[in-house]
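Observations on the three-dimensional arrangement
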Amino acid sequence: MSLEVCGGKPLKGEIAVHGAKNSVLPILSATVLRAGVCVIENCPCLRDVHSAITILEHLGCRVHREGSTVTVDASTLHTCSIPDAMMREMRSSVIFLGAILARTGCAELYLPGGCELGNRPIDLHLSALRCLGAEIEEEGGHICCKASCMVGREIQLSFPSVGATENIMLAATAAKGTTRIRNAAREPEIVDLACFLQKMGVSIRGAGTSEIEVDCVEKTQDVIHRVMPDRIVAATYLIGAAMTGGDVLVCDLVPEHVATVTALLECSGCNLDIDRDKIRVRGTENLKSCGTIRTMPYPGFPTDAQAPLMAYATQCAGTAVFVENIFDSRYRHVSELTRMGANIQVVGRVAVVEGKSPLSGANVSASDLRGGAALVLAALCADGVSRISEEKYIDRGYESIENGFSKLGAEIIRKGE
Ligand code: UD1
């Protein structure tokens, strides 16, 4: 299978953003905490969501999906172990660790898989759980965790890891007293998870700041929760509209969540009308450089938008410099963009883009989720036909990217082999 894109058409129209992958995945893990029912609305139809549901079913939960609503009844949970193959499907499977441990006092799983972005250790997750009193044995990727009595402590993270913060928040619901996380991640997805936990009955303070406190929960209750919009999908549509010289209204988003991206688009000459939950973007033929972009933990520029913005930078006059500070190998899209005619040099964590390059259609291959989205964006601007293979990576995070862009007038279809 591959995505076939015939480029050169400005995007026009209106598109709604689906629920956030990075929010729904930890929330699905968190449903395990309650021996009862959680209803999750605005749940996107993504490969990673399907993988999370498979894990829940394996654990014994009853899961029902109707449209974008997923109902999980975890009262029938009957095992605390997840097989290797399920863990390898995605990085987020590791967030089940904190949830299962809190619910059952033991957990047995394997190192998670996920997009290849360089070294992705889970040392911060494990040392934090140990600090709460969990006994953890690791051997050859197998992780065995026991915690008969966890106690709330102060946990100082050396880096504000999103996943580690989430795992601690979940485990802390079963740790006696109060757990305080210092240097916690401040991403909007952390706030969404905290909001879900609060509805479940967990007392949790400070989500969205770098200090989060979680109290041990006595009694949980059933939850109905609507997942926040996906800020990276929103950013991808905004960037696509801008770089094709289009005129698009992107709806169902939180403007504050994409503020670093919209600031750069405006700075390079796009016209933006920002409303409460929608943004209209109008591109121009004469985009200017967006300068230096440093990826940072939220509220800094998101590493997940680095590749899409790099595709954009190829269409801006002048030099743009990217500094990737979060992951050590997140430039695998560069060689593919170069094939299409982009002028990009990479040295270590720095990529220098010289624009504006005329792009031409090519056969390229996605090597990770956001890098794959960047190739679609470049193909939308390229002269001629591009074929993007390994599009399964893109399906991890975009609910039918071809339907989304087709709706905006792009010529993009999925082709079978
Ligand atoms: C989450 C997001 C991902 C995003 C990333 C950074 C989900 C499902 N995924 O990933 O889309 O790109 O945040 O915003 O929410 N690290 C360690 N040890 C650890 C944990 C992390 O060294 O125990 C390092 C990682 O290797 C990486 C950095 O910390 O270099 C950031 O990782 P982290 O914030 O944990 O990202 P994820 O939760 O994996």
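In case you missed it, the structure is sitting above this.
Below, the discussion takes up the site of the ligand. The environment of the ligand is formed by 19 residues, the closest being Asp 123, Leu 124, Ser 161, Asp 304 and Ile 326. Leu 124 is positioned such that a nitrogen or oxygen atom in its backbone is 2.7 Å from an oxygen atom of the ligand. Contact with the protein chains removes 86% of the 740 Å² of surface that the ligand exposes when unbound. Of all elements in the fold, only helix H5 (123-131) and helix H6 (162-172) reach the threshold of two or more residues within the shell around the ligand. Partitioning the shell around the ligand into residue classes produces 7 nonpolar, 7 polar and 5 charged.

Attention now goes to the sheet that holds strand E14 (residues 211-215). Pairing is mixed in the open sheet, where 4 strands are placed in the order E10-E12-E14-E13. Each end of this open sheet is capped by a strand with a single partner; those strands are strand E10 (154-156) and strand E13 (204-205). Where E13 lies against E14, 2 bridges are found, and the strand directions are antiparallel. Bridge assignment links Ile 204 to a residue of E14, and that residue is Val 214.

This brings us to the environment of Asp 277. Within the secondary structure, Asp 277 is located in the loop between strand E17 (271-274) and strand E18 (278-282). For the pair Asp 277 and Asp 252, spaced 25 residues apart in the sequence, the C-alpha separation amounts to 5.5 Å.

Below, the discussion takes up unusual backbone geometry. Following Tyr 298, the chain continues to Pro 299 via a peptide bond in cis, the omega torsion being 10 degrees. Tracing the chain through its elements places Pro 299 in the loop between strand E19 (292-294) and helix H10 (306-313). Cis geometry is adopted by the peptide bond preceding Lys 356, which originates at Gly 355 and carries an omega value of -5 degrees. Non-glycine residue Glu 390 carries a positive phi angle of around 55 degrees. By the secondary structure assignment, Glu 390 is in the loop between strand E24 (385-389) and helix H13 (401-407). Here Ser 400, not a glycine, exhibits a phi torsion of approximately 45 degrees, which is positive.

Time to look at the pairing of E14. Most of E14 is tucked away: 4 of the 5 residues are buried. Pairing between strand E12 (residues 178-182) and E14: 5 bridges, direction antiparallel. Counterpart to Arg 182 in the pairing with E14 is Glu 211.

With that settled, the discussion passes to the environment of Pro 112. Tracing the chain through its elements places Pro 112 in the loop between strand E6 (106-110) and H5. The buried category is assigned to Pro 112, whose relative accessible area is 18%. Pro 112 sits 10 residues away from Ile 122 along the chain, and the two C-alpha atoms are 8.9 Å apart.

Below, the discussion takes up the state of the cysteines. Under the counting rule described, the total for this entry stands at 0 disulfides. In this model Cys 45 remains outside any disulfide bridge; the closest cysteine sulfur is found in Cys 43, 8.4 Å from its own. Taking relative accessible area as the criterion, Cys 45 reaches 52% and is therefore assigned exposed. The thiol of Cys 267 is not disulfide-bonded; the next cysteine sulfur, from Cys 290, is found 7.7 Å away.

Further remarks concern the sheet that holds strand E7 (residues 135-139). To summarise the sheet geometry, strands pair through backbone hydrogen bonds and adopt either a parallel or an antiparallel arrangement. Read across the sheet, 3 strands follow the order E6-E8-E7 without closing on themselves; strand pairing throughout is antiparallel. Each edge of the open sheet is held by one strand with a lone partner, namely E6 and E7. Strand-to-strand twist of the sheet, defined as the mean angle between neighbouring strand axes without regard to direction, takes the value 10 degrees. Along the sheet, H5 makes contact with E7 and strand E8 (142-146), crossing E7 at roughly 150 degrees.

In this structure, Leu 28, Leu 59, Met 169, Phe 196 and Leu 197 are the most contacted members of the largest nonpolar core, which totals 76 residues. With sequence-adjacent residues up to four places away left out, Leu 197 is seen in contact with Ala 30, Leu 33, Met 169, Leu 170, Val 202 and Ile 204. In this structure, Ala 242, Leu 309, Ala 374 and Ala 410 belong to the second largest nonpolar core, which totals 71 residues.

Between H5 and H6, the shortest axis-to-axis distance is 8 Å and the interhelical angle comes to 25 degrees. The angle between H5 and H6 falls in the class roughly parallel. For the pair H5 and H6, the crossing hand works out as right-handed. In contact with Leu 124, His 125, Ala 128 and Leu 129 of H5, H6 contributes Gly 163, Ala 164, Asn 167, Ile 168 and Ala 171. Among the residues making up the contact of H5 with H6, the classes are represented as 6 nonpolar, 3 polar and no charged.

Following the sequence through the fold, Ser 92 ends up in the loop between helix H3 (84-88) and helix H4 (96-104). By relative accessible area, Ser 92 is classed as buried at 17%. Beyond its immediate chain neighbours, meaning those up to four positions away, Ser 92 contacts Leu 25 and Ser 29.

About the cut-offs
- Residues numbered from 1 in each chain as written.
- Predicted model: local features only at pLDDT ≥ 70, side-chain atom pairs only at ≥ 80, totals over all residues.
- Heavy atoms only, no water.
- Near = heavy atom within 4 Å.
- Polar contact = N/O pair within 3.5 Å; in protein donor to acceptor, adjacent residues only side chain to side chain.
- Areas by Shrake-Rupley, 256 points an atom, 1.4 Å probe, with all protein chains shown as cover.
- Helix = DSSP H or I, 4+ residues; strand = E, 2+ residues; numbered from the N terminus.
- Nonpolar A, V, L, I, M, F, W, Y, C, P; charged D, E, K, R; others polar.
- Pairing = 2+ DSSP bridges.
- Buried < 20%, exposed > 50% of the residue type's maximum accessible area, 1.4 Å probe, protein only.
- Disulfide = S-S within 2.5 Å.
- Axes fitted to C-alpha atoms, helices over the stretch in contact; angles between N-to-C directions.
- Contact = heavy atoms within 4.5 Å.
- Core = buried A, V, L, I, M, F, W, Y, C linked by side-chain atoms within 4.5 Å.
- Parallel < 35°, antiparallel > 145°, perpendicular 65-115°, else oblique.
- Left-handed = near helix turned anticlockwise from the far one by under 90°.

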